[in-house]
Amino acid sequence: MVTIKDIAKAASVSVTTVSRALNGYDDVNEGTRHKIKTIADQLGYSPNMAARSLISKKTKTLGLLLSNVTRDSSKDNIAFEVLCGINDRSGELDYDLVLFSTTPQKQRMKSYKTLCQERGVDGVIIMGIRLDDPYLKEIVSSDIPCVLIDITLQGPNVGYVTSDNTHGAFTAVKHLLESGHRQIAMINGHAQADVSLLRLKGYREALAEYGIPFDESLVVDGRFSEHGGKLAASQIFTSRPDVTALFCASDLMALGALQTAKDMGKIVPDDISIIGFDNIDLTAYCTPALTTVHQHKYELGFEAAQVLIDLLEGKDVVHHVMLDTTLISRDSVRKI
């Protein structure tokens, strides 16, 4: 097995110089650094990560903590796209990635700090956590750097990456209003999701801009699932037959609403217009193709990895990122 002593001998430099060159210290001449790295590659040197972490107290490993992952949630493909973004950026910056999951029940049994220490991660990206989850309070005061996806929480070691959920919802509902709709219902997620609160805010702001009072009875939670969207749409169609349009806070719920409309003999968009949120792949292929709000899912993960690594490396950069959203107009909305 090749060691740094072998590299030092071949390069005619000290072991200390080799160590500092391979670990990126800036007090090593660039020509010397290049020579050392070339020899290391030629000799087939592979660093002992366990030994390196004992010395530096760093593992160069990021954790991705997913909360409440279920088989049903795989249908929208969002988590996978985010994961791809995290994996690509962390790999480019020479960090490994460890995936682990949690639930509110597990959080009560094991602290956030203990979980991170057991997994041997330097910092964590968290996705899918609820506003009432126990870990959220721990994260704010923890000394373990953390980046939240889709929760706009701030703290000394906390960053976040999110889409502009309020503006995205506002744009969707305004599109319905510009199409002549005035009785617009909303299928939201649930009260413990930050994105639900922000998308509801956008819905209300669009109505207010057109002088339409907010009607709480027109907002029904669908818990971000296709089945929940079906049930919520059924409740709305039954109790409020005057509704001509639905804004759904996720595409999965919108797909459920499309199915309910079909089951109840309604034609989309002739009888009811529907807009979703996320722009998952399925929305372009359902019938009719779904108008939706596009968010940059891969980029959410890519930027989350970048922000976390910036936090770990002490870089004085912005640790809060908000990505734009775009309305994708298809066939599920009609003008009246």
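For the structure given in this document, a descriptive report is provided here. As the structure is a prediction and not an experimental result, all values here were calculated from the model.

Let us now look at the overall build of the chain. When its secondary structure is counted, the chain shows 13 helices and 12 strands. Projected onto its principal axes, the C-alpha coordinates of the chain cover approximately 85 × 40 × 35 Å. A separation of at least 24 residues holds for 70% of the contacts in the chain among residues at least 6 apart in sequence. For the chain, the distance from the average site of its 35 positive side-chain charges to the average site of its 42 negative ones is 4 Å.

Here we come to the pairing of strand 8 (residues 245-248). Burial along strand 8 is two-sided: the face carrying Ala245 and Phe247 and the face carrying Leu246 and Cys248 are both buried. When strand 6 (residues 184-188) meets strand 8, the two strands line up parallel, connected through 4 bridges. What sits directly across from alanine 185, in strand 8, is leucine 246. Where strand 8 and strand 9 (residues 273-275) come together, 3 bridges link them in parallel fashion. Residue leucine 246 lies in a different strand from strand 9, and its bridge partner there is isoleucine 274. Handedness of the strand 8-helix 12 (residues 251-263)-strand 9 crossover: right-handed.

Strand-to-strand pairing in sheets goes through backbone hydrogen bonds, with the strands running parallel or antiparallel. Spatial strand order, 2-1-3-4-5-11: 6 strands in an open sheet with parallel pairing. Each edge of the sheet is formed by a strand with only one pairing partner; in this case those strands are strand 2 (96-102) and strand 11 (320-323). Ignoring strand direction, the axes of neighbouring strands in this sheet form an average angle of 15 degrees. Looking at chain direction, strand 3 (residues 123-127) and strand 4 (residues 146-149) are connected through 4 bridges and run parallel. What sits directly across from isoleucine 125, in strand 4, is valine 147. Packing of helix 7 (residues 112-119) onto the sheet brings it into contact with strand 1 (61-67), strand 2, strand 3 and strand 4, and relative to strand 3 it is tilted by some 120 degrees.

Any two aromatic rings considered together are summarised by their centre-to-centre distance and by the angle between their planes. Evaluation of the coordinates by the stated rule reveals 3 aromatic pairs. Centroid distance tyrosine 203 to phenylalanine 214: 6.3 Å. Interplanar angle 80 degrees. Geometry classified as edge-to-face. Of this pair, tyrosine 203 sits in helix 10 (residues 194-209) while phenylalanine 214 is found in the loop between helix 10 and strand 7 (219-221), placing the two residues 11 residues apart along the sequence. Taking relative accessible area as the criterion, phenylalanine 214 reaches 29% and is therefore assigned partly exposed. Just above the ring of phenylalanine 237 sits the side chain of lysine 266; from NZ or CZ to the centre is 5.3 Å.

Here we take up the environment of isoleucine 149. Relative to the helices and strands, isoleucine 149 resides in strand 4. According to the relative accessible area criterion, isoleucine 149 is buried, its value standing at 3%. In sequence terms isoleucine 149 and valine 82 are 67 residues apart; their C-alpha atoms lie 9.3 Å from each other. The contacts of isoleucine 149, once residues within four sequence positions are left out, are Val82, Ile86, Ile125, Ile126, Met127, Val161, Leu300 and Ala304.

Quick look at the environment of histidine 294 now. Mapped onto the fold, histidine 294 is located in strand 10 (residues 292-295). Distance in space between the C-alpha atoms of histidine 294 and isoleucine 328 is 6.4 Å, their sequence separation being 34 residues. Excluding residues within four positions of it along the chain, histidine 294 makes contact with Asp278, Asn279, Asp324, Thr325, Thr326 and Ile328. A distance of 2.9 Å separates the side chain of histidine 294 from the side chain of asparagine 279, its partner in a polar contact.

On to the sheet that holds strand 7, then. Strand order in the open sheet formed by 4 strands is 7-6-8-9, and the pairing between neighbours is parallel. If you trace the sheet from one side to the other, it starts and ends with strand 7 and strand 9, each paired once. In this sheet, neighbouring strand axes are inclined to one another by 20 degrees on average, regardless of whether the strands run parallel or antiparallel. Helix 10 contacts strand 6, strand 7 and strand 8 of the sheet and is inclined by roughly 175 degrees relative to strand 6. Set on the sheet, helix 11 (residues 226-239) makes contact with strand 6, strand 7 and strand 8; between it and strand 6 the angle comes to about 155 degrees.

Criteria and cut-off values
Residues numbered from 1 in each chain as written. Predicted model: local features only at pLDDT ≥ 70, side-chain atom pairs only at ≥ 80, totals over all residues. Heavy atoms only, no water. Helix = DSSP H or I, 4+ residues; strand = E, 2+ residues; numbered from the N terminus. Contact = heavy atoms within 4.5 Å. Lys, Arg positive; Asp, Glu negative; His and termini not counted. Charge placed at Lys NZ, Arg CZ, Asp CG, Glu CD. Buried < 20%, exposed > 50% of the residue type's maximum accessible area, 1.4 Å probe, protein only. Pairing = 2+ DSSP bridges. Right-handed = clockwise from strand over helix to strand, strands pointing away. Axes fitted to C-alpha atoms, helices over the stretch in contact; angles between N-to-C directions. Phe/Tyr/Trp six-rings, centres within 6.5 Å; stacked < 30°, edge-to-face > 60°. Lys NZ or Arg CZ within 6 Å of the ring centre and 35° of its normal. Polar contact = N/O pair within 3.5 Å; in protein donor to acceptor, adjacent residues only side chain to side chain.

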